[in-house]
Amino acid sequence: MMKKKSISASKASLVLFLCQMISALDVPLDSKLLEELLQPPTITQQSPKDYIVDPRENIVIQCEAKGKPPPSFSWTRNGTHFDIDKDAQVTMKPNSGTLVINIMNGGKAEAYEGVYQCTARNERGAAISNNIVIRPSRSPLWTKEKLEPNHVREGDSLVLHCRPPVGLPPPIIFWMDNAFQRLPQSERVSQGLNGDLYFSNVQPEDTREDYICYARFNHTQTIQQKQPISVKVFSMDSLNDTIAANLSDTDIYGAKPVTERQPILLTPTGSTSTKVELRGNVLLLECIAAGLPTPVIRWIKEGGELPVNRTFFENFKKTLKIIDVSEADSGNYKCIARNMLGSVHHVISVTVKAAPYWITAPRNLVLSPGEDGTLICRANGNPKPNISWFANGVPIAIAPEDPSRKVDGDTIIFSHVQERSSAVYQCNASNEYGYLLANAFVNVLAEPPRVLTPANKLYQVIADSPALLDCAYFGSPKPEIEWFKGVKGSILRGNEYVFHDNGTLEIPVAQKDSTGTYTCVARNELGKVQNEVRLEVKDPTMIIKQPEYKVIQRYGQVSFECIIRHDSTLLPTVIWLKDNDELPDDERFLVGKDNLTIMNVTDKDDGTYTCIVNTTLDSVSASAVLTVVAAPPTPAIIYARPNPPFDLELTGQLERSVELSWIPGDENNSPIRNFVIEYEDGLHEPGVWHYQTEVPGTQTTVQLKLSPYVNYSFRVIAVNEIGRSQPSEPSEQYLTKSANPDENPSNVQGIGSEPDNLVITWESLKGFQSNGPGLQYKVSWRQKDVDDEWTSVIVANVSKYIVSGTPTFVPYEIKVQALNDLGYAPEPSEVIGHSGEDLPMVAPGNVQVHVINSTLAKVHWDPVPLKTVRGHLQGYKVYYWKVQSLSRRSRRHVEKKILTFRGNKTFGMLPGLEPYSSYKLNVRVVNGKGEGPASPDKVFKTPEGVPSSPSFLKITNPTLDSLTLEWGSPTHPNGVLTSYILKFQPINNTHELGPLVEIRIPANESSLILKNLNYSTRYKFYFNAQTSVGSGSQITEEAVTIMDEAGILRPAVGAGKAMASRQIDIATQGWFIGLMCAVALLILILLIVCFIRRNKGGKYPVKEKEDAHADPEIQPMKEDDGTFGEYSDAEDHKPLKKGSRTPSDRTVKKEDSDDSLVDYGEGVNGQFNEDGSFIGQYSGKKEKEPAEGNESSEAPSPVNAMNSFV
């Protein structure tokens, strides 16, 4: 059966074909034919409908047209004839309709504003251009205005108005400073679509005097500048400084410096507005809000989704941009501005209208006398456009009548046309938003056939490759094409030929017997014509002796052979390359007719050498590697690859087998292990050798299995321990007979690429698997589980077929069967495929969240029905994000996190959550096409956790017996802080730790003064925060109290004569050791005297008073919580801060204390009243705790005192 594409006999198909034909005539026709054929005018170039010109340059209004005879041109201006001869400033280019209006020599562009239309006319009709509206661009100056400075309170909103002058086209607006630097913009400060500069809230850094709005007019390349605008921001700090004298500390610092505000919309105003946009344009919607903190803008479409791949957010999400809008984008769009204090929204009702756009534009018709045809003009728009017809630029209602023409709305029907019916018709589709104008001519021609391909053209191809013989033609009516071989041969038919619509004859596999003369005959009712071309099929070029791998000693000589066989009529050229580059320019390289010789080989000659043979029709190449080695010191037995076998012979030829025999080559001192037999298919893959089989090295014959329709050649390769020999010379060729295919294509698959198609693919059979000429594939399919008949098509030279119009994601049974000219392959097996996937339809339901702990939650959902997945279920995606921290009550933008759960899993764990926070999540089903809609957002909260460590711990203001601690709250409180825990203990000179003391501090405190500490003593502090869950990680710090600067000994004041001694930490005064050793003996004597006097003396009045009048405020430290009471004497009732204490080695015990001052501790600068009572702060414990360090918990003895100096 011929592969010629037939033309339907119906008139509609004929018209469609002729429309296609005339579009093809524009380029491929030769110049001689173009000069002879008459053709109505066609507008080829024109200026845009809305043409804005630079008033400083000449105005060029384009109008170019083609036609035969060449058309003449005329113009109208504002609907009346424009006589260019009467205006010296206007000229028309030669052989063109383009107007040039001379502005640069005195003309004024404003005088030529108007609507222009060009008409191109010849004897076959008249074509008209669009209405071209000429307007000069304008860039007016800014009107002068007095700009008052803007005084704004910090946190308030502000709008700086630009109000640029009205230009044509509108200017581009931008804000800069006096240094011509663009003003930075952010979520807080941004420029609106109208050019105004909006501040959601002002900050002190916004104060400046050079806010300048610029307007750039691109057509005139000018920039206009507005007067600078001054902005002064008054902050609460500056206000406090002004009125500080009249306010208390609490008044100034207790209030928030800036009042936070809920969002309000700066633009647009109100709660609703409307917007009309045209189809195909860019829709821009804007919402800018004021508020503190700065509001975040979010956009949604009520009752629908924002279009995917066409939606963009600009200006920090304040502008919603949808490109290429259509009627489907109409609807209500809501912008929501939100901060931590609340939200506000605005609904914009968008209506998409449409200027006219083509559904079917009229196309040129080329008809023969007596034929029928139609011109169809279909357009759409919103509102629906009106269709009006013109003939040669005149409304068809008043145009000259044509009995062959009938107008039926958007269609003109032509019946039995004659040459006088030739004309150019215009279709105008218009509504209130614009118009479309299209020219389409009807050209009635009566032309006998013509063959445009040169006579006796010679085509040359290589055997077994395709041959394409051209027969370019023209005629009206369209001629029919037939091919013959030879002058009197029979018409060509059959599967070995392909006939193309453009007249080309294709021979897919040209053989030597395809050589000859071919005749192309073109005929129509006006006559016929024929043309002869010649085809020559050449033998392929082959390298019958290829270069071989060489190992050569340094300074030796090596030669590579490249013996070729080629068609005697082709002139081959041989090129040698080294490592894919030209040979070195060295006289040691000698290129012969069929070899390459290298003299005096060096190490640089190591590499790959390639022989390339080129003819005018084909090219072949072969390569070999040269390895250069050092000369051996002594001769040795050479073990080399075997020489190739020779004298190959074929015997016992059968349809599916043949016997091959050969003679082995020299073994080269290494026995041949086996022979490898390769074959070449000269019919399908000439020059490509394939592995066939291998036999032991003792065997020199083999019975080979063959496939049908293969032109076999065989070669044999010997293999020994060293390697493989060069291939033998090819055997004679053996062409097996054709047969039905033995097998079908493999890897058959059916996968849809779109929701409404099924793409069937397979791996094509190799050439030798075809078993005969005319290999094709029968592709069959039917919907699974539906009682449908198989649908089949037969295709060739492809490995894919697309079935359109399928339901979305349904299973199909598919099979692909091979066939050739002799018949079909065995019945193929069926495979199951699926049509294309679409996005899932529904979201998972019943989404539940179970919070496991403060950082982990488990989410559950119900699986969606498989029918709604509309594709292969790949799994579910959980989108979750933090909304706010419950402890800080602040919101910030956090990127959404995504977890994917494969398969039909209906639960998953959400790790890494932040404690005491509010989260949202939704779930989406995923298939091969993408994600489905999201489930409604599910809100869940994580419980409190333990806090992080305090942000810092500073220890300042060291004194003799106190330290000041300051700290910062945890960076991540992870809940509501209940308290702080402070633990500390002294560190002695040997770095051993003393007793550990713990203090609980209210959560609202940020500092603490620790009193009653030992002087010149190092302390280690452990500090952490607590929530109701527990304690967080702690922060540690060390600090030292200062040394008593008053001296070593102090006299006591009062009735007693004892003297209190103070220990000095010599470890911190290393330079003082020598001096201390000199006076150590004196100090020891003094201490002994004090000790003796204390034991012999009575109780001091201080002690007696304490025993008689126990101070009720003196409370021992509680054992259970480790806190200290607060002590005061009768004259000082100010309580110490919680946590102040006397170190544990200074404990006062009532039952064993006497009247020595030493028992009251050395950390207090003791003083006495006149009655002998001791004034100061004391601390003590209920019981003596076991010492955790080396410090003594008893009163210092002389030995202890002495030890303090050692």
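Residues numbered from 1 in each chain as written. Predicted model: local features only at pLDDT ≥ 70, side-chain atom pairs only at ≥ 80, totals over all residues. Heavy atoms only, no water.

**Focus on the sheet that holds strand E56 (residues 619-629)**
Phase 1: The strand order across the open sheet built from 5 strands is E48-E56-E55-E51-E52, with neighbouring strands paired in mixed fashion. Looking at the sheet topology across the chains shown, the edges are occupied by strand E48 (550-553) and strand E52 (581-582).
Phase 2: In terms of strand pairing, strand E51 (residues 573-578) meets E52 through 2 bridges, oriented antiparallel. What sits directly across from leucine 577, in E52, is glutamate 582. (Pairing = 2+ DSSP bridges. Helix = DSSP H or I, 4+ residues; strand = E, 2+ residues; numbered from the N terminus.)

**A few points about the state of the cysteines**
Phase 1: Scanning the model with the defined rule gives 6 disulfides in all.
Phase 2: Here cysteine 287 engages in a disulfide with cysteine 335; their sulfurs sit 1.8 Å apart. Given an S-S torsion of about -65 degrees, the disulfide between cysteine 287 and cysteine 335 has left-handed geometry. One end of the pair, cysteine 287, is in the loop between strand E22 (283-286) and strand E23 (288-292); the other, cysteine 335, is in strand E27 (residues 331-339), with 48 residues separating them in the sequence.
Phase 3: In this structure cysteine 287 comes out as buried when scored by relative accessible area, which is 0%.
Phase 4: Between cysteine 377 and cysteine 427 runs a disulfide, and the two sulfur atoms are separated by 1.7 Å. (Disulfide = S-S within 2.5 Å. Buried < 20%, exposed > 50% of the residue type's maximum accessible area, 1.4 Å probe, protein only.)

**A closer look at the confidence of the model for the protein**
Phase 1: Taken residue by residue, the protein gives an average pLDDT of 83. The fraction at 70 or more is 83%.
Phase 2: Predicted confidence for residues 247-255 stays below pLDDT 50, and this span has 5 contacts to residues more than four positions away or in other chains.
Phase 3: With pLDDT under 50 throughout, residues 1045-1068 is counted as low confidence; its partners more than four residues away or in other chains account for 48 contacts. (pLDDT = per-residue confidence, 0-100. Contact = heavy atoms within 4.5 Å.)

**Points about the packing of aromatic side chains**
Phase 1: Going through the model one piece at a time under the given rule, you end up with 20 aromatic pairs.
Phase 2: Ring geometry for phenylalanine 82 against tyrosine 116: centres 5.8 Å apart, planes inclined by 75 degrees, an arrangement best described as edge-to-face. Remark: tyrosine 116 occurs in strand E9 (residues 114-122) and phenylalanine 82 occurs in the loop between strand E6 (80-81) and strand E7 (90-92); sequence separation between them is 34 residues.
Phase 3: The class for tyrosine 116 is buried, based on a relative accessible area of 0%.
Phase 4: Ring geometry for tryptophan 762 and tyrosine 777: centres 5.6 Å apart, planes at 55 degrees, overall tilted. Placement of tryptophan 762 in strand E65 (residues 757-763) and of tyrosine 777 in strand E66 (residues 776-783) is noted, with a sequence separation of 15 residues between them. Summarising the burial analysis for this pair, tryptophan 762 and tyrosine 777 share the class buried.
Phase 5: Taken together, Phe174, Phe180 and Tyr214 form an aromatic cluster joined through their ring pairs. (Phe/Tyr/Trp six-rings, centres within 6.5 Å; stacked < 30°, edge-to-face > 60°.)

**Things to note about the pairing of strand E14 (residues 172-176)**
Phase 1: Buried residues dominate E14, accounting for 4 of its 5 residues.
Phase 2: Both E14 and strand E17 (residues 208-217) contribute to a ladder of 5 bridges, which runs antiparallel. Directly across from tryptophan 175, in E17, lies its bridge partner cysteine 213.

**A look at the sheet that holds strand E72 (residues 845-853)**
Phase 1: If you trace the 3 strands from one edge of the open sheet to the other, you get E72-E73-E76, paired in antiparallel fashion. Each having just a single partner strand, E72 and strand E76 (907-910) make up the two edges of the open sheet. Across the sheet, the mean angle from the axis of one strand to that of its neighbour is 20 degrees, orientation sign disregarded.
Phase 2: As defined by bridge partners, E72 adjoins strand E73 (residues 856-862) across 6 bridges and the pair is classed as antiparallel. By the bridge assignment, valine 851 is partnered in E73 with alanine 857. (Axes fitted to C-alpha atoms, helices over the stretch in contact; angles between N-to-C directions.)

**A few points about the nonpolar core**
Phase 1: In terms of nonpolar packing, the biggest core is built from 30 residues, with Ile59, Ile61, Trp75, Ile101, Tyr116 and Ile134 touching the most fellow members.
Phase 2: Secondary-structure elements contributing two or more residues to this core are strand E2 (50-53), strand E3 (59-61), strand E4 (63-68), strand E5 (72-77), strand E8 (99-101), E9 and strand E11 (132-136).
Phase 3: The element best represented in this core is E9, accounting for 3 residues.
Phase 4: Apart from residues lying up to four places away in sequence, isoleucine 101 is in contact with Asn58, Ile59, Ile61, Gln89, Val90, Tyr112 and Tyr116. (Core = buried A, V, L, I, M, F, W, Y, C linked by side-chain atoms within 4.5 Å.)

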